[in-house]
Amino acid sequence: MTSSTRAAFAAEVGTGTAPQAGPELASDALIILPVRNFVLFPGVVMPVALGRPASIAAAQEAARQGRPIGVLMQRDAAQDEPATVDLHRTGTIANILRYVTGQDGSHHLICQGEQRFQVEAFVQEQPFLAARVKRLEEPAEDSPEIEARFLNLKARAGEALQLLPQTPPDLAAAISGTSSPSALTDLVAAYMDASAEEKQEILETLDLTTRMDRVARLLAERIEVLRLSHEIGQQTRASLDERQREVLLREQMAAIQRQLGEDDGKAEEVAELTKAIDEAGMPEEVEQAARKELRRLARMPDAAAEYGMIRTYLDWLIELPWALPEPPPIEIAEARRILDEDHFGLDKIKRRIVEYLAVRKLAPQGKAPILCFVGPPGVGKTSLGQSIARAMNRKFVRVSLGGLHDEAEIRGHRRTYIGALPGNIVQAIRKCGARDCVMMLDEIDKMGAGIHGDPSSAMLEVLDPEQNNSFRDNYLGVPFDLSRVVFIATANLLDTIPGPLRDRMEVISLSGYTDSEKLEIAKRYLVGRQLEANGLGKGQVEIDDEALAEIIRGYTREAGVRSLEREIGRVLRHVAVGIAEGTETHARIGMAELGELLGPRRFDDEVALRVSLPGVATGLAWTPVGGDILFIEATRSPGGGKLILTGQLGEVMRESAQAALSLVKGRAEALGIDSELFEKQDIHIHVPAGATPKDGPSAGVAMTLALVSVLTGRTLRSDTAMTGEISLRGLVLPVGGIKEKVTAAARAGITRVLLPARNRRDYEEIPKDARERLEFVWLERIDEAVEAALEPTGAEPGKVAARA
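What you see is a predicted model, and the numbers here were worked out from it, not measured in a lab.

(A) Structural detail: the overall build of the chain. The helix and strand tally for the chain stands at 31 helices and 24 strands. In the chain, which comprises 804 residues, the proportion classed as buried is 47%. With the model as given, the accessible surface of the chain reaches about 39,400 Å², and the carbon-plus-sulfur share is 50%.

(B) Focus on the packing of aromatic side chains. Applying the stated criterion to the full structure yields five aromatic pairs. Seen from their ring centres, Y763 and W778 are 6.3 Å apart, and the 70° between their planes marks the pair as edge-to-face. Of the two residues, Y763 is situated in the loop between β23 (752-756) and α29 (768-773) and W778 in strand β24 (residues 775-779); the sequence distance between them amounts to 15 residues. On the basis of an interplanar angle of 10° and a centroid distance of 5.9 Å, the ring pair of F776 and W778 is categorised as stacked. In this structure, F776 and W778 share a single accessibility class: buried. Through successive ring pairs, a cluster of aromatic residues spans Y763, F776 and W778. Above the plane of the ring of W316 lies R430, whose end atom (NZ or CZ) is 3.9 Å from the centre.

(C) Representation of the side chain of E565. By the secondary structure assignment, E565 is in helix α21 (residues 562-581). In this structure E565 touches L526, R529 and Q530, once residues within four positions along its chain are discounted.

(D) Geometry of the pattern of salt bridges. Tallying each qualifying case throughout the model produces 44 salt bridges. E407 is the salt-bridge partner of R411, the closest N and O atoms lying 3.3 Å from each other. The exposure class assigned to R411 is buried, which follows from its relative accessible area of 18%. The exposure class assigned to E407 is partly exposed, which follows from its relative accessible area of 29%.

(E) Layout of helix α10 (residues 284-299). A rise of 1.5 Å per residue sets the reference length of α10, with its 16 residues, at 22 Å; its end C-alpha atoms lie 23 Å apart and thus fit the reference within 8%. All of the buried residues along α10 are V286, A290, E293, L294 and L297. Around the axis of α10, the buried residues are gathered within 105° of arc, so they sit on the same side. Turned more than 90 degrees off the buried face of α10, the exposed positions are E284, Q288, K292 and R299.

(F) Molecular detail of helix α20 (residues 545-554). Extensive coverage of α20 is indicated by the burial of seven of its 10 residues. Here α20 has its buried residues at A547, L548, A549, E550, I551, I552 and G554. Residues of α20 that are buried make contact with α19 (515-533), β14 (541-543), α21, β15 (587-589) and α22 (591-598).

(G) Just the nonpolar core, in detail. Core analysis: the biggest nonpolar cluster contains 56 residues, and M439, L441, I444, M459 and L463 have the highest contact counts within it. For this core, the element with the highest residue contribution is helix α11 (residues 307-319), accounting for seven residues.

(H) Structural detail: the state of the cysteines. Throughout the structure, instances matching the rule amount to zero disulfides. Its sulfur unpaired, C432 is 4.1 Å from the next cysteine sulfur, which belongs to C437. For C432, a relative accessible area of 9% gives the class buried.

(I) Representation of the environment of M703 within the structure. Mapped onto the elements of the fold, M703 is located in helix α27 (residues 700-712). Spatially, the C-alpha atom of M703 lies 8.1 Å from that of E633, the residues being 70 residues apart in sequence. Not counting chain neighbours up to four residues away, the residues in contact with M703 comprise I632, L649, M653, S656, A657 and A660.

(J) Examining the packing of helix α13 (residues 347-362) against helix α14 (residues 381-392) more closely. In the contact formed by α13 and α14, the axes pass within 11 Å of each other and the chain directions differ by 30°. Between α13 and α14, the crossing angle belongs to the class labelled roughly parallel. Both α13 and α14 take part in a crossing whose hand is right-handed. Residue-level contacts link I349, I353, Y356 and L357 of α13 to L384, I388, A391 and M392 of α14.

(K) Fine view of the pairing of strand β7 (residues 370-374). Within β7, five of the five residues are buried, which leaves the element mostly enclosed by the surrounding structure. Of the strand pairs in this sheet, β7 and strand β13 (residues 506-509) are connected by four bridges, and their pairing is parallel. When the bridges of β13 are listed, V374 appears paired with S509.

(L) Molecular detail of the sheet that holds β13. Spatially, the five strands line up as an open sheet ordered β8-β9-β12-β7-β13, and their pairing is parallel. Looking along the sheet, the strands with just one partner apiece sit at the ends: β8 (396-400) and β13. Between one strand and the next, the sheet's axes are offset by a mean angle of 20°, whatever the strand orientation. Note that β8 and strand β9 (residues 438-442) share five bridges and pair parallel. Each residue of the ladder has a partner; that of V397, found in β9, is M439.

(M) Spotlight on the environment of K768. Topologically, K768 is positioned in helix α29. Along the backbone, K768 and T514 are 254 residues apart, and their C-alpha atoms lie at a distance of 9.7 Å.

(N) Examining unusual backbone geometry more closely. Geometrically, the link from Q126 to P127 is a cis peptide bond, its omega value of -5° lying close to zero. The backbone of N37 sits at a positive phi, close to 50°, despite the residue not being glycine. Mapped onto the elements of the fold, N37 is located in the loop between β1 (29-35) and β2 (45-50).

(O) Molecular detail of the side chain of D682. On the secondary structure map, D682 appears in strand β19 (residues 681-686). Within the buried set, D682 has no salt-bridge partner at all; the shortest N-O distance to an opposite charge, 4.7 Å, is to K642. Here the side chain of D682 touches G641 through a polar contact of 3.0 Å, landing on its backbone nitrogen.

(P) Looking closely at the packing of helix α3 (residues 144-163) against helix α5 (residues 181-191). Where α3 contacts α5, the axes come no closer than 10 Å and their chain directions differ by 35°. The two elements α3 and α5 meet at a crossing, and its hand is left-handed. Packed against α3, whose contacting residues are I146, F150, L153, K154 and A157, the element α5 presents P181, L184, T185 and V188 at the interface. Considered class by class, the residues forming the contact of α3 with α5 number seven nonpolar, one polar and one charged.

(Q) Just a nonpolar patch on the surface, in detail. A grouping of V45, L97 and I110 is seen on the molecular surface, where their side chains present a nonpolar patch of about 210 Å² in accessible area. With respect to the element layout, V45 can be found in strand β2.

About the thresholds
- Residues numbered from 1 in each chain as written.
- Predicted model: local features only at pLDDT ≥ 70, side-chain atom pairs only at ≥ 80, totals over all residues.
- Heavy atoms only, no water.
- Helix = DSSP H or I, 4+ residues; strand = E, 2+ residues; numbered from the N terminus.
- Buried < 20%, exposed > 50% of the residue type's maximum accessible area, 1.4 Å probe, protein only.
- Areas by Shrake-Rupley, 256 points an atom, 1.4 Å probe, with all protein chains shown as cover.
- Phe/Tyr/Trp six-rings, centres within 6.5 Å; stacked < 30°, edge-to-face > 60°.
- Lys NZ or Arg CZ within 6 Å of the ring centre and 35° of its normal.
- Contact = heavy atoms within 4.5 Å.
- Salt bridge = Lys/Arg side-chain N within 4 Å of Asp/Glu carboxyl O.
- Expected span 1.5 Å × (residues − 1).
- Arc of directions from axis to C-beta.
- Core = buried A, V, L, I, M, F, W, Y, C linked by side-chain atoms within 4.5 Å.
- Disulfide = S-S within 2.5 Å.
- Axes fitted to C-alpha atoms, helices over the stretch in contact; angles between N-to-C directions.
- Parallel < 35°, antiparallel > 145°, perpendicular 65-115°, else oblique.
- Left-handed = near helix turned anticlockwise from the far one by under 90°.
- Pairing = 2+ DSSP bridges.
- Lys, Arg positive; Asp, Glu negative; His and termini not counted.
- Polar contact = N/O pair within 3.5 Å; in protein donor to acceptor, adjacent residues only side chain to side chain.
- Nonpolar A, V, L, I, M, F, W, Y, C, P; charged D, E, K, R; others polar.
- Patch = residues over 30% accessible without salt bridge, like charges linked within 9 Å, V, L, I, M, F, W, Y side chains within 5 Å.

The following block contains the structure:
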């Protein structure tokens, strides 16, 4: 290194920042710079990026002392701190032309290869590598064989430069001006497109003839690749027009495959699709559409924008089950056994499925039913669909409709859109693989309309037996027969289902379970399922019937059994801990253990406490999650005859309270009430659970009796609950939700219910267990309710409650 180069190095690293002098190196020692995936040849100027501290230290020390540097390539480029064994033994001695420090802190060397060397021994490893080396002299270059190879290599190098799209002019001048065979060989090897390992082999080849042959062979391979690429580019450009320019790269790939003798497989693909269409059993109209699209696909280049869309469309047509499978034999007794095995009760639904199977056995071409199960959460609507599919020996598929607000989710997207797909109905059919499956349309009452259309309107065609035999999905564009699909919809509410859609379904209501039904369900299904879920065997845990009944009454209050199953799971998990720890091998859960496992009771029987005072009536209410009992409280206080209503009552319920007061005022004399009370005292009606909105006319009877009770001082019977609308003539009018309300009364421990006489038609829908546990009083007029519900004058509430 010259003095001017050392001065430039000092300027680059900055005054005072140059490294301190390291250990003094022997005069025959060479500073080693390890590099990755890079081979420097003698006579070639190359930049080297420095990143590792040892490399920076080596370069700076060489620049400081004006020494040459030895460039050695690592054997493994992934090594961040290579040891001496990780380096090749042959490298190139280089002179540092310039040391550059970038503004971002990066370090670079510009160096020129001088001569090959071979490492004899490493003499230093820290802070940088240094070695004692042997310089390798170039062999003689005056033989005719070397001269011939020299001329051939120069000609080949010129040919390669002509094939390159952008040839550096300095490189062409350097090659043409080189007169030394060894220098030309090293120059071509340095700039040739070869791997680092191939270049290292060339560097290690000392025999000039062998080295030139190796470089010439690699160069010939690269020239062939460049020539083919050039020909492919010319062929491709000749076949392009303005519409095909966007597929240039794919055309080049196809040309490369043709040069290699590899067919693109398109003919084979078209043949496979043709065979698949023949075997799909499509109707004539669908098959014509499929073959038309297949002909378009065959004429279309692979790189066309529509190619993938048409191929996806054909895949959908081929994979849909167009042909009906062989109908399985119908065994009605076996179907009834499966339904009874999977679900307790639900006789009406089981009877309807058995009726359908009987009709299908007698008339195989009949239409499938479209059922809608309506009921509170947790009563088994969704699981019932799986049992129906098993009883009918058909495949089952579930489609969730909750939250849908886009018509395209039902009918599909048109194929003009990128990423278009069929609707959920067709996707479910394809997933199931059968055209006569049982399809569960879950939460059909929770669909909503949006700016993309109304999915409820799209469901009209799906659920209409007269139309769904030619259902047309927007994506398919051809009719698909849905008439053999057994559609079973589930909902919690009917009010949110549009009338035309509700009219297309056979609605079957599922009321909440009574305590005895829950007990049977727990014994037959829930306990076993939770035992398996918690890794317990049947012989390890036993739960008494009394304990299950206490869980039902004291720890859950619901129409279904989901909370009940969770509480059973909590009990079993406590037991599982003891068994897993080895402290117990068998557990028996009775009433005494429940308090420790589940804590105190969460729900108490408040009926007797609530009605122990005059003015408290027990009403019955319908909620989206089943029936419930509702307390109506009335009291009077000195005032000016105002009616005060609290408890977040809706407009209809407020009108019912006003009608009840007017009715009591009109019958005050007959009821033994002093009419002056209405002028001198305020009457306050309150419905507890004030945070919950309440509305509806069915609390009219309970409000009337609460007013009569508070004004006469007579208590209402604690074993009695009531529902019904009233009129100012004293008539008791019918209301809805009788089955849910009566079930809730039985669940709450009520033994007597007062119902409108015109609701007698709903008696058969009430669960048999509830009918057996309750006494029914049918009311025509409000006078009958007063007589049936109020205690006689002077009766002691405590004794009456005890008797109830």
